[in-house]
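Structural characterization, general
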Amino acid sequence: IPSLSHSVISQTSFRAEYKSSGGPSVFQKPVKFQVDISFSEGERERERERDRDGQKDYGIYSVTFSLIS
């Protein structure tokens, strides 16, 4: 998307900015936000992981969008 730019903060985090490219738009001003990705696993999954030689096949990835401005 030409109106979207981003910069990488870490392997699991980046910041982005969306600027409207003219015409009527929902966003009157640039929108800046940060995206964080994290992995979590439940107790059941930890037990399975121990039984499978440390392979990480189970769990949940969480994506958090935080509005900066």
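Refer to the structure above for everything that follows.
Presented here is a report on the structure given in the accompanying data block. (Residues numbered from 1 in each chain as written. Predicted model: local features only at pLDDT ≥ 70, side-chain atom pairs only at ≥ 80, totals over all residues. Heavy atoms only, no water.)

Topic: the sheet that holds strand E2 (residues 13–18)
Test applied: Paired strands are those between which DSSP finds at least two bridges. Strands are runs of DSSP state E lasting at least two residues, helices are runs of H or I lasting at least four, and both sets are numbered from the N terminus onward. For helices, the fitted axis covers only the stretch in contact; all axes are lines through C-alpha atoms, and the angles between them, taken along N-to-C directions, range from 0 to 180 degrees.
Read from one edge to the other, the open sheet built from four strands follows the order E1-E2-E3-E4, with strand pairing classed as antiparallel. For this open sheet the edge positions go to strand E1 (4–10) and strand E4 (60–67), each flanked by a neighbour on one side alone. For this sheet, the mean angle separating the axes of adjacent strands, direction not counted, is 20°.

Focus: the side chain of Ser3
Spelled out, the test is: We call two residues in contact when some of their heavy atoms are within 4.5 Å.
Here Ser3 lies in the segment before E1. Apart from residues no more than four positions distant in its own chain, Ser3 is found in contact with Glu17, Tyr18, Lys19 and Ser21.

With respect to the side chain of Gln34
This is how the line gets drawn: Here a polar contact means two N or O atoms within 3.5 Å. Within protein one must be a hydrogen donor candidate and the other an acceptor candidate, and residues neighboring in sequence count only if both atoms are side-chain atoms.
Summarising the element assignment, Gln34 is placed in strand E3 (residues 31–40). Of the polar contacts made by the side chain of Gln34, one reaches the side chain of Arg15; its length is 2.8 Å. Here Gln34 is in contact with Ile9, Ser13, Phe14, Arg15, Thr64, Phe65, Ser66 and Ile68, once residues within four sequence places are set aside.

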